[in-house]
Protein chains: 4
Amino acid sequence: MIYEVINLNPEHEATLTCFRQQVGGEFGNIVKRPAMIVIPGGGYQFCSEREADPIVFPFLSAGYQVFILRYALQKKAVWPNPLRDYEDAARLIRSKADDWGIYPDKLAVVGFSAGGHLAASAATLSAPDCRPNAAILGYAVLSEESAHEWEKTAPGLPEMVDKDTCPCFLFASRNDSMVPVSNTIAFMTALEKAGISFESHIYAFAPHGASTGSSAVTPPDALNCSRVPHWVDDSIEWLKDMLGDFGDGKMTEPKCGHYVNADAAGGFSLDNTVGYLMSDPRSRAILAPIMEAAQKKANEQWGGGEDSGEDRPGSAVGMRITLREGLKFAGAPEEAAQQLEAALKAIES
Amino acid sequence: MIYEVINLNPEHEATLTCFRQQVGGEFGNIVKRPAMIVIPGGGYQFCSEREADPIVFPFLSAGYQVFILRYALQKKAVWPNPLRDYEDAARLIRSKADDWGIYPDKLAVVGFSAGGHLAASAATLSAPDCRPNAAILGYAVLSEESAHEWEKTAPGLPEMVDKDTCPCFLFASRNDSMVPVSNTIAFMTALEKAGISFESHIYAFAPHGASTGSSAVTPPDALNCSRVPHWVDDSIEWLKDMLGDFGDGKMTEPKCGHYVNADAAGGFSLDNTVGYLMSDPRSRAILAPIMEAAQKKANEQWGGGEDSGEDRPGSAVGMRITLREGLKFAGAPEEAAQQLEAALKAIES
Amino acid sequence: MIYEVINLNPEHEATLTCFRQQVGGEFGNIVKRPAMIVIPGGGYQFCSEREADPIVFPFLSAGYQVFILRYALQKKAVWPNPLRDYEDAARLIRSKADDWGIYPDKLAVVGFSAGGHLAASAATLSAPDCRPNAAILGYAVLSEESAHEWEKTAPGLPEMVDKDTCPCFLFASRNDSMVPVSNTIAFMTALEKAGISFESHIYAFAPHGASTGSSAVTPPDALNCSRVPHWVDDSIEWLKDMLGDFGDGKMTEPKCGHYVNADAAGGFSLDNTVGYLMSDPRSRAILAPIMEAAQKKANEQWGGGEDSGEDRPGSAVGMRITLREGLKFAGAPEEAAQQLEAALKAIES
Amino acid sequence: MIYEVINLNPEHEATLTCFRQQVGGEFGNIVKRPAMIVIPGGGYQFCSEREADPIVFPFLSAGYQVFILRYALQKKAVWPNPLRDYEDAARLIRSKADDWGIYPDKLAVVGFSAGGHLAASAATLSAPDCRPNAAILGYAVLSEESAHEWEKTAPGLPEMVDKDTCPCFLFASRNDSMVPVSNTIAFMTALEKAGISFESHIYAFAPHGASTGSSAVTPPDALNCSRVPHWVDDSIEWLKDMLGDFGDGKMTEPKCGHYVNADAAGGFSLDNTVGYLMSDPRSRAILAPIMEAAQKKANEQWGGGEDSGEDRPGSAVGMRITLREGLKFAGAPEEAAQQLEAALKAIES
C-alpha cells in the first residue's frame, strides 16, 4: 500500500490522504480499482477522526483506492469553499487515474453528517467533470434548515436533486437528535421523484455520529441498535450493484442502472414505462396495436367489455412497468421486441 | 407444535391458521411467547401462499406463536370487511392468551403488499383493543391512490397515522413497479411527523412480491439485490428491541420505546425535548435557571456575548435533545435530575 | 403445510412427525423438495424438545420437507433398535417420494448428541437403500467410549467410516464436558482418511445441547460464543453445495462431490490425483510422456538437472492435485484433456 | 494512521510494516490497542501480497495496531531464521508498547500456509518473552511431512504443542491439494490433548491460498464455498472472547480462558475437573463427603444401590465437569463453594 498526504488547497488547509493498493502482479485480475473519497463530518467545525480512518479500512478491504478529504472548516467553510475542495480532489484523482490504478468512471464518495452534506453537494452541485458515480450519505445534513444550523451559507440539497444526480445509498438513525431523520427522508423523496436509483436504511435508534457502529469506534455506552453496523457491508454490496465487481481483467457489468427506468433520461426505448410511451403521440402510435391486443386478451381472460380494463384491480400497474417487462410478461418473441426497439429509437431522428 | 385452522368468519371465508409452540417443560425459561399474525398479500384478490408459510417459519424460529390470517377477498373485500377479520383474529388471540401461552401485550403483525395495507390498517384504524404492538410492512400498499388501484373502498393510511399508531418496521424495493416505493416513503414521513418509532429499509432493486428473498421462495430469474433477505433477521432483531427478548421466566425490557421522545404523549418529564419544555410557560419556568447557567457556561467556553448562543453552529440541537440527555451531557448529578423530574411531574396536578 | 404424526414402530414407541410443504402452484419452479430427518438427542434416554421443533423451522425455511424421528429409548434403545427406526423412516420417506413431493436422492439427516450418534449410524451402518445423501452431526456422540457412556450396546462410529459414508457437516463446542470434542475430531479424521467431503466447525465455547443457539431455545445464562448460531445457515448453504439449490423446475447441479477426488471411488479418470494415476502401471504408462514434458519444462524454468525436481520446494504437490487441475495449470488444450480422459477410461475394459 | 516500514534484519531482508492507529483524543475510551502480526505465506519462497495488505485491513477495522512481518526466504529460510525474525518483531512491538499504544499482553499473530507454519512456530517454539497471546492459523503447513515439502529444515509442530501453547483459531479447506487438511486436524488434535482452548473451521472446498475469500482478493474463477470469507469476522469475534473488547478506558474481561479447565495448569481449584480432583488423594479427601452425598441423592432420585451410579447413562460426565459447574448444577450455596475453594488452594502450601 502507498500512503501519502497531498495538500489540496493550503489556504483552506484542505488535504487529501491517499491509501493506494497494488494493481496487477499477484492481483492478476485487477488492473484498475474503483475509488472512494471519504468525507468526515464535524458540523463544518472540525473533521472527525472517528469518520476518517475507520471508514477507510472497510473500503480498502473491498478493493478500493481510498482517499480522505479534509476540507475548509469554520470561517473558511463559507460556501462554496468546501465544495471547491471536493472538486479539487475529484479532478486530481481522475487526472491521476492511470498512474494510481483507478477507473475514472467509478469514483464514489461517502460522507457523514456535515461531510454527508458535502458528499450530497458533490452529487448535486459539483461541476460536471467532478460528479461522483455513486454517493453514500450517512446521517447527513441535507435540508436547508439543518444545513444553516451548522453553516449559514450552506445550501439545502433535496431541492437540487435532478436527473444528473448520481445513485445514492442513505442511512440514518430514527432518533438522531443532532440531525433529524427528516433530512434523509426529504432527500430520498427527491430522488424518488427524479427517478434516480437509491437504497436507504433508517435504523430504529443510534446516537448521532455512530460511524461504523463497531466497538472499535463507538464508546461502550452508545445505544446503537444491532443493525447499525450493517450499513458498511450493505453499502459495499450496493456499490458492486452500481459499479460492478472485480472480474477477469475488468469490472463486471453493474446489476442496477442510474435510473429506475429510462423515462428520466428522455428518449424512447423498451426501458421506458408503458405510461411514458403512451403519453407521447409518436410512441403511442407504435404501441397502440400491441395495447389493443393485450386489452382484448385480458378481456377474454378476465371478462368485461372493451372499456372495463381500467376498473380491473391492478390495471394501473400496466402503465408503470417498462415495455421490456411488459413484453416479457406477455411472452412476446425476441424479434418483436427488437422491431419495437428499432421503431422507438427511430422516432427522434 | 400444535397446528390448527380456525374459521373466523365463514361469510368472509376468513380463517386463522395457528402454529403454537410449547411453553415451559424443556423450554423452562419461556412461560409465554409473543405472537405474530402473518397477513399475505394478493391485491385483495387472493392470499399468496408465497407470503404465508414461508413467513411463518422464521418467526417460529424466533420463538413466536404464529398465525396466518386469511381474510375477505374480491367482492367480499369491500371495506371494512378485511379489517373486521383482522379484529376478529386479534381479539381471539388476546382472549386465548393464557391457554395459548401468549403475552397479550406483545402481539405483532406482518403484512405484504395488500396484506401490508391490512397490517397498516390494523396499526392505525382498528379498534383500541385490537391494536397490534408492532407492525412489519413489506412493500405495502399504503397511499389512497395505490389502495384504490386494488380495492376502491380501501382507505389511504399515511393520513391516519397518529400518536396511537404502533411502532413500525417498513421495507420495500426502490424499483417496485406494482406498488411504488412512494407508498413506503409517505408512511414513514407520517410516522416521523407523529413522533413514532420506526425502522425502514428500502432495497435498491427487487421485483414486487419478493417475500423472504430466499431461493426457496423466489424464482431463480428474480432480480433481487443481495440485501433483500436481510429484512427477515433485521425485523426479528427490531422486534426484540420493541417487545423484549426471552429472559429468565419473562421477556427482557425493550430497548426502544413507542415514541422517539415523550413530546407526542403529552405531559411533562425528563424525556421531553428541551424545546417542548421551553414552549410551555409552566415547564419553562422550571427550566429557566438551568438554561441560563448552561448559556453562561457555553459563552465562557466558546466566547460571545449573552445573546450570541443562537448563532453558534449546532446551537439549535439543544432544543431537540431530551432534558435527560441534556443533563447527562452536562454531567448533572443524579439528584438534580430527580428534583427536576419531580417538579415537572407536579405541573399537571 | 401438512402436519402429521405417523407411528413407525409401536413397540419402540417410534414416530415420524411430518411437516410437508406445497410444491407447484405459486411455487411454480419447485416441483419437488429435498427432505430432512431431524433426530433429537437425549442420551438415548429421552428425545429433547429443544432439538426437535426448533430444528425443523429453519429447514422448512430452506425449502425442505422435514421430519422429526422419535426413536427407541431407554431399555428399548438396545442396539440396533434405534437404527431400525431410522431405516423405517428413510424407507417410508423414499417410498412416498412422489406423493410427498420429495427427491428421493436428496434425503439429509441432522442429529444432536445421542441423536448425532444415530445420524452418524445412518451414514455409516444403515442398509444401502436407507443411506442419507448428507448428514449434519451436532455435538455428536461418536466414539465407542462415549457411545457406551449412554448406551452400552451402541457402536463406535469413526471406525465404520468408509467410501460409502455420505458427506458430513460436523459442529461441536470445544469445551463440551458432556460429549468431548474428541468425538468430532475422531470422526472427521476418519472422513479425511476415507476421502469423503466434509465441513466442520468447532466453536470455542458453548455448553452441551446448544441446539440452534437462538435466544428462543437457549436459556439466557448459557455461555454460547457468538459463532454458535452460525451452524444453522452454514449447514443450509453446505447442503446447497452438496444437493443443489432450487432452480427452474429442478435442483441446480451440486458444487461439491461426494469425494475430494476420484481416488476413493476406484477407476481411472481426470479426477484422480496424479499420484494415484502414477501408482498403477496402466495409467502410469499413459501419463508418463506428459510428466516427462512437465519435468523438463520445470527444469528449464527453475534450473536443476533431470532428477532435481523432487527436491524443489512444493514439488510433492504435483502428486496430490487431480490430473484435471494439473492440465488446467499447465494450460493444456481441451482436446488433449479429452484424449487423456478417453485413454484412462479405456483401461478398465 | 501512521505507516512505517522497519528493517528488522537486513541479512534476512526481514522487515516489519507498521499500521498504527490513534489512541485517545476522539477515541476517548481507547487508551491502548491489541496488536496483530500478519505473516504471509508463500512456501518459504516468497511473501504473498495477497496475504499481506488484504489481511491488515480487517484487523485495522477491528481496532488493532497491525504489522506485516516479512521474514527470511528461500536459502535464508533455513531454520530457525524465520522464527528469529518473528522473535525480533515480537520483542520490538512489546518494547514499544507504550509509545505505540499497545497492550503488550494482547499480541496476536495470523499466518497463512507457510506463514501459518511460522505463526504456529511462534505459538509453540518461540522464546517465552516472544510468545503470542493468540494465534490464527490459515490453511497452515503444520506437520513435519508437509513442512519438509517446502523447507527441509522446518520442524513439525503438532508434536510441539504443550500447556504453554497459546489459544488458536484454525481454518482450512477440506480439498486443499497444496497443504492437506490433515495438517490442521493434527494440530487441533494436539491442542485438544493439551487442554488448550481453540476454535476451528474447515470449509467444504476452496483452493489453497483463499486469503480473505473476498472478490477483491480471489480471482473470479476460484471455487470458494460461500462460508470461506466468514473466518475473518469469526476470528475477530474469537479474539474478543480471548483478549477482550474495547471498554471504557480498558479492555473488557475475556469470556474464554487459555485452558478448557484448570487441569492443564496444575494446582487445585474449583476450575479443575472432578475427575482430576478425585485422582489426587489430597483433593479427593476434601471432595469425598460431597461426592457421597451427591451419590446418595442420585440413588434416591434414579433408583439403584450404592454402587449402581457408575452404570447409569451419562454417569461418566460427572468426572469431566469442573467442580464449579458441578456445584452450580447441584445448587450448592456460594459459601460452600468458597470454603471448598479455600480448602483446595490450601493443599499446595
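Structure: see above.
When its secondary structure is counted, chain A shows twelve helices and eight strands. Taken over the C-alpha atoms alone, chain A extends approximately 70 × 50 × 40 Å along its principal axes. Residues counted as buried form 59% of the 349 residues belonging to chain A. The long-range fraction of contacts in chain A, counting pairs at least 24 apart against all pairs at least 6 apart in sequence, stands at 69%. Looking at chain A as shown, the accessible area adds up to about 13,500 Å², and 53% of this sits on carbon and sulfur atoms. Of the charged side chains in chain A, 30 are positive and 46 negative; the average position of the first set lies 1 Å away from that of the second.

This paragraph deals with the arrangement of the chains. Over all C-alpha pairs, chain A and chain C never come within contact, reaching a minimum spacing of 14 Å. Of all C-alpha pairs spanning chain B and chain D, none lies closer than 14 Å, and the two are not in contact.

Listed per partner, the contact involves 48 residues of chain D and 48 residues of chain C. Carbon and sulfur atoms make up 55% of the area that chain D and chain C hide from each other, which totals about 3,900 Å². Along the contact surface separating chain D from chain C lie eight salt bridges. Across the pair D:Glu199 and C:Arg227 runs a salt bridge, and its minimum N-O distance is 2.8 Å.

The next subject is the packing of helix H2 (residues 81–95) of chain C against helix H4 (residues 114–125) of chain C. Residue and element names in this part refer to chain C. In the contact formed by H2 and H4, the axes pass within 10 Å of each other and the chain directions differ by 70 degrees. By the angle between their axes, H2 is roughly perpendicular relative to H4. Every residue of H4 that contacts H2 at Pro-82, Leu-83 and Tyr-86 is listed here: Leu-118, Ser-121, Ala-122 and Leu-125. When the residues that make up the contact of H2 with H4 are grouped by side-chain class, the tally is six nonpolar, one polar and no charged.

Our focus in this paragraph is unusual backbone geometry. Residue A:Trp79 is joined to A:Pro80 through a cis peptide bond whose omega torsion reads 5 degrees. Its location among the elements puts A:Pro80 in the loop between strand E4 (65–70) and helix H2 (81–95). At C:Tyr139, a position not held by glycine, the phi torsion is positive, near 30 degrees. Turning to its location among the elements, C:Tyr139 is positioned in the loop between strand E6 (134–138) and helix H5 (144–150). In this structure, D:Tyr44 takes a positive phi of about 60 degrees despite not being glycine. Relative to the elements of secondary structure, D:Tyr44 occurs in the loop between strand E3 (33–39) and helix H1 (53–61).

Basis of the calculations
- Each chain has its residues counted from 1, running along the sequence as written.
- The naming scheme follows written order: chains are lettered A onward, ligands numbered 1 onward.
- For this predicted model, a pLDDT threshold of at least 70 governs which residues receive local features, and a threshold of 80 or more governs which side-chain atom pairs are given and counted, while totals over whole chains, interfaces and linings are taken from all residues.
- To get the side-chain values, take all heavy atoms of the structure and skip hydrogens and water.
- Only runs of H or I of at least four residues qualify as helices and only runs of E of at least two qualify as strands under DSSP, and these elements are numbered from the N terminus.
- Three labels apply to residues, based on accessible area from a 1.4 Å probe with only protein chains included: buried if under 20% of the type maximum, exposed if over 50%, partly exposed otherwise in between.
- Two residues qualify as a contact provided that any one of their heavy atoms is within 4.5 Å of a heavy atom in the partner residue.
- Values of accessible area rely on a 1.4 Å probe in the Shrake-Rupley scheme; residue burial ignores everything except the protein chains shown.
- Lys and Arg are tallied as positive, Asp and Glu as negative. Neither His nor the chain termini are counted.
- Charged groups are reduced to one reference atom each: NZ for lysine, CZ for arginine, CG for aspartic acid, CD for glutamic acid.
- Here the quantity called buried area is the accessible surface, traced with a 1.4 Å probe, that two parts lose on coming together, added over both.
- Salt bridges are defined by distance alone: a side-chain nitrogen of Lys or Arg within 4 Å of a carboxyl oxygen of Asp or Glu.
- Every axis in this analysis is a line fitted to C-alpha atoms, fitted for helices over the stretch in contact. Angles between the N-to-C directions lie between 0 and 180 degrees.
- Note that the term roughly parallel is reserved for angles under 35 degrees, roughly antiparallel for angles over 145, roughly perpendicular for angles of 65 to 115, and oblique for everything else.
- Ten residues, namely Ala, Val, Leu, Ile, Met, Phe, Trp, Tyr, Cys and Pro, are considered nonpolar, four, namely Asp, Glu, Lys and Arg, are considered charged, and the remaining ones, Gly among them, are considered polar.

That's the geometry; what it means functionally is another story.
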